[in-house]
Amino acid sequence: MGVLANVRSISVPWLRVARHALFRAALALAACCWASVILAQQTAAIATAHPLATAAGYEILKRGGNAFDAGVAVAAALAVVEPYSSGLGGGGFWLLHRADDGHQVMVDARETAPAGVRREHYFDRDGKPIPGATRQGGLAAAIPGAPAALAHVATRYGALPLSVSLAPAIQYARAGFKIDPRYARIARLRERFLQKGTGTARIFLDGMQAPQPGYVLRQPELAATLERLAREGASGFYSGRVGRALAAAVNEAGGVWQHSDLESYRVVERAPIRFTYRGATITAAALPSAGGIALAQSLGMLERFPSASPGNPGHAHLVVEALRRAFQDRARYLGDSDFKPVPVTKLLDRRYIARRAATIDPGAATKSDALGDEQPVRSESGNTTHFSVIDEAGNRVAATLTINLLFGAGIVAGDTGVLLNNEMDDFSLGDDVPNAYRLRGGRANGIEPGKRPLSSMTPAFVEDERGVLILGSPGGSRTVSQVLLAILQYLHASRVDLPRLLALPRFHHQYWPDRVEIEPEGFTPAWRAALAAKGHTLETVNRKWGNMQVVFKSKQTGAAHAASDPRGADVAWY
Ligand code: DON
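Residues numbered from 1 in each chain as written. Predicted model: local features only at pLDDT ≥ 70, side-chain atom pairs only at ≥ 80, totals over all residues. Heavy atoms only, no water.

Draft legend 1. View of the pattern of salt bridges. Taken as a whole and assessed by the stated rule, the structure comprises 34 salt bridges. Between Glu303 and Arg350 there is a salt bridge; the shortest N-O distance is 3.7 Å. Of this pair, Glu303 sits in the loop between helix H17 (291-302) and helix H18 (313-333) while Arg350 is found in helix H20 (residues 350-358), placing the two residues 47 residues apart along the sequence. Since its relative accessible area comes to 26%, Glu303 is described here as partly exposed. On the basis of relative accessibility, which here comes to 53%, the residue Arg350 falls in the exposed class. In this structure, Asp497 and Arg495 form a salt bridge, with 3.5 Å as the shortest nitrogen-oxygen distance. Residue Asp497 is classed as partly exposed on the basis of its relative accessible area, which comes to 26%. Each of the salt bridges in this network shares a partner with another, and the network as a whole consists of Arg438, Arg478, Arg515, Glu517 and Glu539. (Salt bridge = Lys/Arg side-chain N within 4 Å of Asp/Glu carboxyl O. Helix = DSSP H or I, 4+ residues; strand = E, 2+ residues; numbered from the N terminus. Buried < 20%, exposed > 50% of the residue type's maximum accessible area, 1.4 Å probe, protein only.)

Draft legend 2. Quick peek at the environment of Gly446. With respect to the element layout, Gly446 can be found in the loop between strand S11 (396-402) and strand S12 (460-464). Once the C-alpha coordinates of Gly446 and Leu429 are considered, the two residues, 17 residues apart in sequence, prove to be 6.2 Å apart. Filtering out sequence-adjacent residues up to four positions away, Gly446 remains in contact with Phe427, Ser428 and Lys451. (Contact = heavy atoms within 4.5 Å.)

Draft legend 3. Fine view of the side chain of Glu82. By secondary structure assignment, the location of Glu82 is in the loop between helix H6 (67-81) and strand S3 (91-97). Residue Glu82 is classed as buried on the basis of its relative accessible area of 0%. Within the structure, the side chain of Glu82 is placed 3.1 Å from the side chain of Arg182, a separation counted as a polar contact. The residues contacting Glu82, other than those within four sequence positions of it, are Ala49, Arg182 and Thr385. (Polar contact = N/O pair within 3.5 Å; in protein donor to acceptor, adjacent residues only side chain to side chain.)

Draft legend 4. Fine view of H20. Listed as buried for H20 are Tyr352, Ile353, Ala354, Arg356 and Ala357. Contacts from the buried residues of H20 go to H17, H18 and helix H19 (344-347). With a side-chain oxygen lying 2.7 Å from the backbone nitrogen of Arg351, the N-terminal cap of H20 falls on Asp349.

Draft legend 5. A look at the side chain of Ser473. Structurally, the position occupied by Ser473 is in the loop between strand S13 (467-471) and helix H21 (478-492). A relative accessible area of 0% places Ser473 in the buried class. Polar contacts involving the side chain of Ser473 include one to the main-chain amide nitrogen of Asn547, which spans 3.0 Å. Side-chain polar atoms of Ser473 contact the backbone nitrogen of Met548, separated by 3.4 Å.

Draft legend 6. Geometry of the sheet that holds strand S14 (residues 507-508). If you walk across this open sheet you meet the 3 strands as S14-S15-S16, and the pairing is mixed. Sheet topology places S14 and strand S16 (538-540) at the edges, where each strand pairs with a single neighbour. By the bridge criterion, 2 bridges tie S14 to strand S15 (residues 516-518) in an arrangement that is antiparallel. Counterpart to Phe507 in the pairing with S15 is Ile518. (Pairing = 2+ DSSP bridges.)

Draft legend 7. View of the sheet that holds strand S9 (residues 280-284). Pairing within the open sheet is antiparallel, and its 6 strands lie in the order S8-S9-S12-S13-S17-S18. Lying at the two open borders of the sheet, with one neighbouring strand each, are strand S8 (273-277) and strand S18 (560-564). Averaged over all neighbouring strand pairs, the angle between strand axes comes to 15°, with direction disregarded. Judged from the 4 bridges that link them, S9 and S12 form a sheet pairing that is antiparallel. What sits directly across from Thr281, in S12, is Glu463. The strands touched by H17 are S8 and S9; relative to S8, the strand with the most contacts, the crossing angle is about 15°. (Axes fitted to C-alpha atoms, helices over the stretch in contact; angles between N-to-C directions.)

Draft legend 8. Molecular detail of the packing of H17 against H20. Where H17 meets H20, the closest approach of the two axes is 9 Å, and the angle between their N-to-C directions is 60°. For the pair H17 and H20, the sense of crossing is right-handed. Contacts from Ala296, Gln297, Gly300 and Met301 in H17 reach Tyr352, Ile353, Arg356 and Ala357 in H20. Considering only residue class, the contact of H17 with H20 consists of 5 nonpolar, 2 polar and 1 charged. (Left-handed = near helix turned anticlockwise from the far one by under 90°. Nonpolar A, V, L, I, M, F, W, Y, C, P; charged D, E, K, R; others polar.)

Here you go:
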């Protein structure tokens, strides 16, 4: 899959031509020289991880939808064509900007722990964590938020009914689509998991084997569930026969779902994290994502040092040290703030961030174990997919959606076609029990009934005098550093060059384990040596990571561009 296959910018004057016969006539009369200038101007853009999802969004804009309708169409299409990454059985965060009044909101569609779940369910008699319990089977799945988000975004922000915006996804599910080499590789990687899962082999494998590229994957049951959602709204998913089938399948696989868990699921509208960095305004995901807070803290610390190219090893050292401190705070304080207050204001306080930055030694790595336990507060009682859309009017969507690990919990519920997530693994089972992303966390992110697990997903907007950048990526805990590095590169470069921004090699630090993870390509021996000389332990990861999708719209010209991560064709494990 080529980079350009995933993205498309559209010439919105064409849409007007299609919608308004009068304008069409005027345009026909106009001199062709200026008409071609207008037609060359691209004012809307969509970047997604799959060409069919991009096409679905484009189709909906053409039918008079706004960016929010296009986002609904894209998310539903991704649920069908990238079933290992996101879907109706998962959740995510939608960062929205409404052009009319500048309203910005994060639609929190994170999954919730079922009411019947207890921390003890994940431990054996000897008090040891049961291997895989948070990752596979009924106890791994949390109550999905994705269908509620589709209904909410469509009805509150969209211009079209769900029956229109879900139509492309329904068509892909029913008629089928030819799988690409990426699907084939991921299915091969997870072949045994899919063979053993509940209802998964029948849908995602060809016989009992991973299908070859070109195989037509049909999901008629998922099509029927999407149609029910289109007809009945969220209750078409959470209540009645779909809801009953979901709970039955999960409980059959060892889970503890009650029908009321599904019926009471609601998305929550939250204020995003907003801050400035060297004159740019950045908006990003709030809790229960740790992403926006980590970005604000990291950039706040970096602002106290001179700006430099993110490729420069001296600057990379500072980025690592900022991430180390931000991820320490994540482990110490962050979790679902609806359960236990999280001192977000204090964590984002400039004086606290300055004190943290002051502990950074530009010449040497701080060992994570030796990092001080400075308290910000004493009194104040926190495989995936991303897409970015902007329309002609300037409405924006940055949405990162997930079922967590590839193919989630490996449970397709009955005849619903819905593949359930394993988001329970994003909770912390204890300070010394790392999750799939080697993240450790504290009580703030412990399992509790009804709670939302802490996430790293970081959909973001960056606004400066040049325009607006909309970005995000999958990658588990490495999502935060990917978004951070892309923002640093965007703000450092004098020219907006999306392919270059995406091609930059990535590095990551998350406090624990205390090492700088780096991609296998793109770092020179001199760069590695410079980091090692400061005392960092480098770990070269065997695969590149991430699948970033970016859109940029220029303030000066109104032109919009989109670009997809060149890594998108690879298997992104996390
Ligand atoms: O919410 C989170 O942080 C994770 N469940 C996201 C998983 C992810 O990004 C996997 N990516 N490849």
